[in-house]
Amino acid sequence: MAEEEYGSFVDWNQMGDLAKSSGPTKVDCKDLKEFKQMARQGYWAKNHKLRAQVYEQLIKTIPCRTVTPDAEVYRDIMGNAGTKKPSSNIPLPEFVDGNALPLYCLKAEAVTSAHQIINCVAGQFPDISHCPSLPAITSMLLHFSKDEAQCFELVSRILACNEPGKRLLDQTFLAFESSCMTFGDLAIKYCPAGHKLIVATAQDALEVYTDWQRWVLFDLPFSHMVRVLDVYLVEGYKVLFRMAIALLKFYRKHKAGAQGGEGSQPQDSGKVRADIQAFIKGIASTVTPEKLLEKAFSIRMLSRKEITLLQLTNEKSLQQKGITVKQKRRNVQLALNPDTFSSEIVSAKEMRDIWSWIPERFALLNRFYQHCEGYEPTLLLIRTSDGDVCGAFLSTDWQERKRGGNKLSFFGTGECFVFRMKPEMEHFEWVVIRHPELASSSNAQSQEEPASSEGQNSENNGLQQPEKPAGDLSPFLSARHFNLTSKNTSMFMAGNFDSIIVGGGDGNALYIDSELNHGRAGRCATFDNPPLCAESFQVALLETWGFQDAMAS
């Protein structure tokens, strides 16, 4: 029986008809086109052992890196199976994004084996940063492996594929996120009715589409998923897109008779995602594996070239926005009441659609400024993805930035300072306070420096400031009230549609991009500070605190 050699991890009581091997016992074929036809027709679909042998043959033909871990590497690392300590609670690496291992008719103890394989893979592939589909692929291949070591080698070869223009699994957040955008593009073109349904019922269509790989690799019943795997290993990544579009078509058909249908009020995207997941998990009652494949491969004109071009375009777009790693932050939703919304051109639903097309930076950065305006001073707090905490005390209302128009102009006063809390606690004042010899108080200067004086209130331009000793300077004064050796020592704060900056002169103390996602920290002349955290960092959390005079109100 097949389980004697290739099914030691399988719970055969759950396999149903698939537990009974029948049909051909040998594949005498080396031509890829013929293999493609056989895979689609299910030539080896009824013979577990033959399927296992075909999988091994297909995966071993994948062009890989020169040094790709094999079964012997796994055995060397993990030792003999008989001497391994029980490890049923081994957590999966962070790069699987919290996805649990789909059981797919595996024995309970096989879950431990799969966890060990994935963790060993993580150690051998340190460049993987985001691979949420790995648990599903590992679970499926474990079905058709003689032992853990063989499964490890099969998974490793899939990950190490280096054939130009070909990918089998997303291994970075950039690749995964661009694939979600690509699926959205393909859905609009090849399943317009399904896309229209998603847009009509979910507040955020892109959030729904982030599940597209999960639909295929996690939610499908084993009988369907294994047929997908047959063609996936022959034809590659594009098969996943075809299957996901086919599933969206079936879901659209399933919902077509629902009362209210597309005219219903958009609901929380999580509910739509759960509804799709439930439909796909129960798809076996209405759609056979053969029918699913037939639907997927009946999509005309969808080519690998189109998918690749879309993927590259979307990756470039994300890179330009600085979105290359996953950020744990909330999406900015459009606060719109359909009962009070009024437009003679578009409906509330259409306005939501337009909002979803607007680049995120206009939503996030404008929201930051809107929350800050009217508060003076403000406190900026940042926690990075590495756990560092730093920030800045900013003396002037952010509304002052508008005085510079579209030009990035510095403003603020010498009361500003920057600081770090973790790993060490330290704050850095205006360099002139610590080194008063750099300036002396004087009459208001007739010459103004654009980088520091633009954006300042001009009401006091005619006032004479009394001369003070060098050691008795008033930091609340604007930089123009001092004879400074360099304007670089008076760049306190700046902001426009593209970034937020604190500190200037030979670098910035803090720079936050338009997505409030990526930042840089460095030395700057204004505060004479060392880098407050890693010189290039990802923003895990950003807070801004405003202060108002309670006595004045």
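Model, not experiment: these values are computed from the prediction.

Considerations on the environment of C180
By secondary structure assignment, the location of C180 is in helix α7 (residues 173–190). Along the sequence, C180 and N314 sit 134 residues apart, while their C-alpha atoms lie 9.3 Å from each other. Look past the residues within four positions of C180 in its chain and what remains in contact with it is L206, Y209, T210 and W212.

Observations concerning the confidence of the model for the protein
Detailed reading of the predicted coordinates is not advisable wherever pLDDT is low. Confidence in the prediction for the protein averages 82 pLDDT; 80% of positions are at 70 or higher. Across residues 328–332, where pLDDT falls below 50, the model places 12 contacts with residues more than four positions away in sequence or in other chains. Every residue in residues 441–472 is under pLDDT 50, and counting partners more than four places away or in other chains gives 58 contacts.

Quick notes on the packing of helix α4 (residues 108–124) against helix α5 (residues 134–143)
α5 packs onto α4 with a crossing angle of 125° between their chain directions and a minimal axis gap of 10 Å. With respect to α5, the axis of α4 lies oblique. The handedness of the crossing between α4 and α5 comes out as right-handed. Each of A110, S113, A114, I117, I118 and V121 in α4 lies in contact with α5, whose residues at this interface are L134, P135, T138 and L142. Looking at the contact of α4 with α5 residue by residue, the class counts come to 8 nonpolar, 2 polar and no charged.

Focus on empty space enclosed by the protein
This model, assessed by the stated rule, comprises 1 cavity of 30 Å³ or more. In this structure, the largest cavity occupies an estimated 40 Å³ of space. Contributing to the lining of the largest cavity are M15, L18, A45, K46, N47, H48, R51, F144 and F222.

Here's the deal with the side chain of T396
Tracing the backbone shows T396 in the loop between β2 (389–394) and β3 (417–422). There is a polar contact of 3.3 Å between the side chain of T396 and the side chain of S395. Residues contacting T396, with those up to four places away along its chain left out, are E376, F411, G412, T413 and M493.

Notes on the sheet that holds strand β4 (residues 426–428)
Taken together, 9 strands build an open sheet; the order of strands is β4-β3-β2-β1-β11-β10-β9-β8-β7 and the sheet is antiparallel. Edge positions in the sheet fall to β4 and β7 (493–495), since each has one partner strand and no second. Mean inter-strand twist for the sheet, computed between neighbouring axes without regard to direction, equals 25°.

Quick notes on the packing of α7 against helix α12 (residues 238–255)
The N-to-C vectors of α7 and α12 enclose an angle of 50°; their axes lie 10 Å apart at closest approach. In terms of their interaxial angle, α7 and α12 are classed as oblique. Here the hand of the crossing between α7 and α12 comes out right-handed. Counted together, S179, T182, F183, L186, A187 and Y190 of α7 and F241, A244, I245, L248 and K249 of α12 form the full contact between these two elements. Its residues assigned to classes, the contact of α7 with α12 comprises 8 nonpolar, 2 polar and 1 charged.

Considerations on the side chain of S139
Counting through the fold element by element, S139 comes out in helix α5. Non-local contacts of S139, meaning those with residues more than four positions away in its chain, are made with L101, P102, L103, Y104 and L106.

Focus: the nonpolar core
By size, the foremost hydrophobic cluster in this structure holds 110 residues, and its most contacted members are L141, I158, F183, I198, W215, Y232 and M243. The leading source of residues in this core is α12, at 11 residues. Not counting residues within four places of it along the chain, the set of residues in contact with I198 comprises A205, V208, Y209, L248, Y251, V272 and I276. Counting residues in each nonpolar core, the second largest holds 32 residues, with Y369, F411, C524 and C533 among its members.

Considerations on helix α15 (residues 304–321)
Between its first and last C-alpha atoms α15 spans 26 Å; for 18 residues at 1.5 Å apiece the expected length is 26 Å, and the two agree. Listed as buried for α15 are E306, I307, Q311, N314, E315 and L318. In an axial view of α15, the angular spread of the buried residues amounts to 160°, which keeps them on one side of the axis. Residues of α15 that are exposed and angled more than 90 degrees away from the buried face: K305, L312, T313, K316 and Q320.

Structural notes on the pattern of salt bridges
This structure, assessed with the given rule, holds 19 salt bridges. With its nearest N and O atoms 2.8 Å apart, the salt bridge here joins D211 to R273. Of this pair, D211 sits in the loop between α9 (205–209) and α10 (212–219) while R273 sits in helix α13 (residues 269–281); the two residues are 62 residues apart in sequence, bridging distant segments of the chain. Close ionic contact of E426 with R420 constitutes a salt bridge, the shortest N to O distance being 3.1 Å. On the accessibility criterion, E426 (35% relative accessible area) is partly exposed. Looking at R420, the relative accessible area reads 14%, which means it is buried. Each of R51, R227 and D230 takes part in a single network of salt bridges with overlapping partners.

Here is what the cut-offs are and how they apply
- Residues numbered from 1 in each chain as written.
- Predicted model: local features only at pLDDT ≥ 70, side-chain atom pairs only at ≥ 80, totals over all residues.
- Heavy atoms only, no water.
- Helix = DSSP H or I, 4+ residues; strand = E, 2+ residues; numbered from the N terminus.
- Contact = heavy atoms within 4.5 Å.
- pLDDT = per-residue confidence, 0-100.
- Axes fitted to C-alpha atoms, helices over the stretch in contact; angles between N-to-C directions.
- Parallel < 35°, antiparallel > 145°, perpendicular 65-115°, else oblique.
- Left-handed = near helix turned anticlockwise from the far one by under 90°.
- Nonpolar A, V, L, I, M, F, W, Y, C, P; charged D, E, K, R; others polar.
- 1 Å grid on protein atoms, 1.4 Å probe; cavity = no way out; pocket = protein on both sides within 12 Å on 5 of 7 lines; lining within 4 Å.
- Points joined across faces, edges and corners; volume = space filled by probe spheres on them.
- Polar contact = N/O pair within 3.5 Å; in protein donor to acceptor, adjacent residues only side chain to side chain.
- Pairing = 2+ DSSP bridges.
- Core = buried A, V, L, I, M, F, W, Y, C linked by side-chain atoms within 4.5 Å.
- Buried < 20%, exposed > 50% of the residue type's maximum accessible area, 1.4 Å probe, protein only.
- Expected span 1.5 Å × (residues − 1).
- Arc of directions from axis to C-beta.
- Salt bridge = Lys/Arg side-chain N within 4 Å of Asp/Glu carboxyl O.

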